[in-house]
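Commentary on secondary and tertiary structure
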2 protein chains.
Amino acid sequence: VARALLGRFPDERLVYLGDTARLPYGTKGAETVVRYSQRAARFLEGHGVKLLVVACNTASAFALEALRDECRVPVLGAVEPGADEAVAATVRGRIGVIGTLGTVRSGSYPRAIAARAPGAKVTTLACPLFVPLVEEGWVGDGDEGDLAHHAARATAESYLGELRQREPELDVIVLGCTHYPLLRPLLERVAARLWRHPVTLVDSASAMARAAERELDALGLRSGPSTAPATSALDCYVTDEARFGELAPRFLGHPLDRVEKIDL
Amino acid sequence: VARALLGRFPDERLVYLGDTARLPYGTKGAETVVRYSQRAARFLEGHGVKLLVVACNTASAFALEALRDECRVPVLGAVEPGADEAVAATVRGRIGVIGTLGTVRSGSYPRAIAARAPGAKVTTLACPLFVPLVEEGWVGDGDEGDLAHHAARATAESYLGELRQREPELDVIVLGCTHYPLLRPLLERVAARLWRHPVTLVDSASAMARAAERELDALGLRSGPSTAPATSALDCYVTDEARFGELAPRFLGHPLDRVEKIDL
């Protein structure tokens, strides 16, 4: 999501907070996720942000209302932009959503899609192994003899096979977790074999960047080249550093200048 | 570990704390793991325990000294009992240790084994996908057509294949993480194919229960049937409930009476 935002807003400063000490949120319950999200939001408001983007789908699913109640700045989640794109993309009115256990249990995607397209049918499936596969760098793009590639492909075939069994008619799958876009080439290959008709994969990161642009424009808050901050475009804060330095460049596509460790 | 302790101590009361809100510890850095472990230890000391067992290998690897400095009761970790068993079991003096990223990075198993058998050669490998595989229930015991089984087997073949490449002569593998014993049948099958000679898998849970028995006996702290507490044998506390009710019986082998959610 940070990558999509940086690409779309060359004149904004991005204050990024990764709660790496307590990740993943996806396996945790609503109360825990709300509490941690509130602490993160307070930290970012304290750093003077004008728009708060909740990049984590699980935090969006559980904590968006609590954050909107509490924050003085507008709060943008992952679910609504993803639902917008999914509804725009479906022809058959059959939408699949894959995400963490938390996101799926929250029921937030089916609710958001029903509010936009009451006739659409939504099938959700939790895929808990996709996050650790991405963090391990096993994204299924190896050659046929590569066992890590086999494991990634077998995992994708197992999850998408179950989704196919539950909804043979779907034509859109929402990648409802920040990690899943890194599996996109693999998921596209597996989906193409499982469904005979075309299936569109919707990536909430680019949907969120477009929604952030609409929000900033509507509120007249967007920086131009003249009002752009002189400081670095990306301020990075994390609560644990152990793996961030290794993983962040994989998501961001380039190395990071500086990361500050904080306690939430 | 709780299961092994309950089996060995029918007359003791076990106070169990699972820091499920912040798990897994295995991907986090030393400072974070020490801080969280200290909070957990304070909670358990406040509940009047006479022996503190650090069941998590990552917490044992990073935080044991800090906990021993701070606690009034004896503290038993996972690494020393596991190292004892490994040294006793090896014939060739070549030992493999698999665990989380944190446990492997800490270097605690090689240090503990070197202290016991200076001539032994230790090869360590982090296997970050094993914990989520176990939590998903994909432990590789399905039939040949089962894709989840394929994924578990391909993952085990990839990790153990790398270990085999690094140390063809090892004859002991320490399962250096609380989750790994649930993969034991799969790991035994894969190891038997990869190594021509017998390979012993050492499970730190049973090693810890035996070490706990030695410790309590040495200190004269063991309860007999006459001094046994009248209350439930297992008091369970967790920091997040979302998955505990589903996962705990898989580890414990039977359902739980009561689980209390606390904030650490």
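Refer to the preceding data block for the structure.
Right, let's walk through the structure included here. (Residues numbered from 1 in each chain as written. Chains lettered and ligands numbered in written order. Predicted model: local features only at pLDDT ≥ 70, side-chain atom pairs only at ≥ 80, totals over all residues. Heavy atoms only, no water.)

1. Some remarks on the overall build of chain A
Along its length, chain A carries 11 helices and 9 strands. For 264 residues, the compact-globule estimate of 2.2 N^0.38 gives 18 Å, and the C-alpha radius of gyration of chain A, at 18 Å, lies within 12% of that figure. Based on the C-alpha atoms only, the size of chain A along its principal axes is roughly 50 × 45 × 40 Å. The proportion of buried residues among the 264 residues of chain A is 54%. Considering only intrachain contacts with a sequence separation of at least 6, the fraction spanning at least 24 residues in chain A is 75%. If you sum the accessible surface of chain A, you get close to 11200 Å²; carbon and sulfur atoms cover 51% of it. Looking at charge distribution, chain A has the averaged site of its 31 positive side-chain charges lying 4 Å from that of its 34 negative ones. (Helix = DSSP H or I, 4+ residues; strand = E, 2+ residues; numbered from the N terminus. Rg over C-alpha atoms; globule rule 2.2 N^0.38 Å. Buried < 20%, exposed > 50% of the residue type's maximum accessible area, 1.4 Å probe, protein only. Contact = heavy atoms within 4.5 Å. Areas by Shrake-Rupley, 256 points an atom, 1.4 Å probe, with all protein chains shown as cover. Lys, Arg positive; Asp, Glu negative; His and termini not counted. Charge placed at Lys NZ, Arg CZ, Asp CG, Glu CD.)

2. Observations concerning the packing of helix H8 (residues 147-166) of chain A against helix H9 (residues 184-194) of chain A
Residue and element names in this part refer to chain A. At a minimum axis distance of 10 Å, the contact between H8 and H9 shows a crossing angle of 50°. Classified by the angle their axes make, H8 and H9 are oblique. When the axes of H8 and H9 are compared, the crossing they make is right-handed. Each of His149, Ala152, Arg153, Ala156, Glu157, Leu160, Gly161 and Arg164 in H8 lies in contact with H9, whose residues at this interface are Leu186, Leu187, Arg189, Val190, Ala191, Arg193 and Leu194. Looking at the contact of H8 with H9, its residues break down into 8 nonpolar, 2 polar and 5 charged. (Axes fitted to C-alpha atoms, helices over the stretch in contact; angles between N-to-C directions. Parallel < 35°, antiparallel > 145°, perpendicular 65-115°, else oblique. Left-handed = near helix turned anticlockwise from the far one by under 90°. Nonpolar A, V, L, I, M, F, W, Y, C, P; charged D, E, K, R; others polar.)

3. Observations regarding the pairing of strand S4 (residues 94-99) of chain A
Residue and element names in this part refer to chain A. Burial analysis of S4 places 5 of its 6 residues in the buried class, which makes it a mostly covered element. Of the strand pairs in this sheet, S4 and strand S5 (residues 121-126) are connected by 6 bridges, and their pairing is parallel. Note on S5: the bridge partner recorded for Ile95 is Val122. Relative to strand S6 (residues 172-176), S4 runs parallel, the two sharing 5 bridges. From the neighbouring strand, Gly99 faces S6, where its bridge partner is Gly176. (Pairing = 2+ DSSP bridges.)

4. Considering the relation of the copies chain A and chain B
Mapping chain A onto chain B leaves a residual RMSD of 0.0 Å; the transformation is a rotation of 180° accompanied by 0.0 Å of translation along its axis. What the rotation and shift describe, once combined, is the action of a two-fold rotation axis. (Least-squares fit on C-alpha atoms with pLDDT ≥ 70 in both.)

5. A few points about the packing of aromatic side chains
Throughout the structure, instances matching the rule amount to 12 aromatic pairs over all chains. A centroid spacing of 6.1 Å and a plane angle of 45° characterise the contact between Tyr25 of chain A and Tyr36 of chain A, whose relative ring orientation is tilted. Highlighted residues: Tyr25 of chain A in the loop between strand S1 (14-18) and helix H2 (30-46) and Tyr36 of chain A in helix H2, separated in sequence by 11 residues. Each member of the pair, Tyr25 of chain A as well as Tyr36 of chain A, carries the same accessibility label: buried. Summarising the aromatic geometry, the rings of Trp138 of chain A and Tyr159 of chain B are spaced 5.0 Å apart at their centres and angled 35° between planes, so their arrangement reads as tilted. A residue pair is termed interchain when its members come from two chains, as with Trp138 of chain A in the loop between helix H7 (130-136) and H8 and Tyr159 of chain B in helix H8 (residues 147-166). Looking at Trp138 of chain A, the relative accessible area reads 10%, which means it is buried. Judged by its relative accessible area of 2%, Tyr159 of chain B falls in the buried class. Above the ring of Tyr36 of chain A, the side-chain terminus of Arg22 of chain A is found at 4.2 Å from the ring centroid. (Phe/Tyr/Trp six-rings, centres within 6.5 Å; stacked < 30°, edge-to-face > 60°. Lys NZ or Arg CZ within 6 Å of the ring centre and 35° of its normal.)

6. Quick look at H2 of chain A
When the terminal C-alpha atoms of H2 of chain A are compared, their 24 Å separation across 17 residues agrees well with the 24 Å that a helix rising 1.5 Å per residue should span. Within H2 of chain A, 12 of the 17 residues are buried, which leaves it mostly tucked inside the rest of the structure. Within H2 of chain A, the full set of buried residues consists of Thr32, Val33, Val34, Arg35, Tyr36, Ser37, Gln38, Ala40, Ala41, Phe43, Leu44 and Glu45 of chain A. In this structure, the buried residues of H2 of chain A make contact with S1, strand S2 (52-53), helix H3 (57-70) and strand S8 (234-238) of chain A together with strand S9 (259-261) of chain B. Once H2 of chain A finishes, Gly48 of chain A follows within two positions and takes phi at roughly 75°, a positive value. (Expected span 1.5 Å × (residues − 1).)

7. What about the interface of chain A and chain B?
Each partner contributes to the interface: chain A provides 36 residues, whereas chain B provides 36 residues. Buried area between chain A and chain B, summed over both chains or domains, comes out near 2900 Å², and the portion from carbon and sulfur atoms is 54%. On the chain A side of the interface with chain B, the three residues burying the most area are Leu129, Leu147 and Arg243 of chain A, jointly 17% of the side's total. Counting across the chain A and chain B interface gives 6 salt bridges. With a shortest N-O distance of 3.1 Å, Lys261 of chain A and Glu31 of chain B are connected by a salt bridge. Sort the elements by how many residues they give to the side of chain A that touches chain B and H8 of chain A lands first, with 9 residues. For the side of chain A that touches chain B, the per-class residue count stands at 16 nonpolar, 8 polar and 12 charged. (Buried area = accessible area lost by both parts, 1.4 Å probe. Salt bridge = Lys/Arg side-chain N within 4 Å of Asp/Glu carboxyl O.)

8. Let's talk about unusual backbone geometry
Residue Pro24 of chain A is reached from Leu23 of chain A by a cis peptide bond, and omega for that bond is -5°. Along the polypeptide, Pro24 of chain A turns up in the loop between S1 and H2.

9. Overview of the pairing of strand S6 (residues 172-176) of chain B
All names here are of chain B. Most of S6 sits out of view: 5 of its 5 residues are buried. Residues Val172, Val174 and Gly176 point to one face of S6 and Ile173 and Leu175 to the other, with burial holding for every one of them. Sheet analysis places S6 next to strand S7 (residues 200-203), joined by 4 bridges and oriented parallel. Residue pairing for S7: Leu175 is matched across the bridge by Asp203.

10. Quick word on the packing of helix H4 (residues 79-89) of chain B against helix H6 (residues 108-116) of chain B
What describes two packed helices is the angle between their axes and the distance between those same axes. Residue and element names in this part refer to chain B. Look at H4 against H6: their axes get within 9 Å of each other, and the N-to-C directions meet at 55°. Between H4 and H6, the interaxial angle falls into the category oblique. Taken as a pair, H4 and H6 cross one another with a handedness that is right-handed. Seen from H4, the contacting residues are Val79, Glu80, Gly82, Ala83, Asp84 and Val87; seen from H6, they are Ser108, Tyr109, Ala112, Ile113 and Arg116. Grouping the amino acids of the contact of H4 with H6 by side-chain chemistry returns 6 nonpolar, 2 polar and 3 charged.

11. Side note on the sheet that holds S6 of chain A
Residue and element names in this part refer to chain A. Here we have 4 strands laid out as an open sheet, ordered S5-S4-S6-S7, and parallel in their pairing. The two strands at the open ends of the sheet, each matched to only one other strand, are S5 and strand S7 (200-203). For this sheet the average axis-to-axis angle between neighbouring strands, irrespective of direction, equals 25°.

12. Looking at the sheet that holds S1 of chain A
Residues and elements named next belong to chain A. Taken in spatial order, the 3 strands line up as S1-S8-S9 in an open sheet, and their pairing is parallel. Sheet topology places S1 and strand S9 (259-261) at the edges, where each strand pairs with a single neighbour. Across the sheet, the axes of successive neighbouring strands diverge by a mean angle of 25°, strand direction being ignored. Pairing between S1 and S8: 5 bridges, direction parallel. Paired with Leu14 across the strands is Leu234, a residue of S8.

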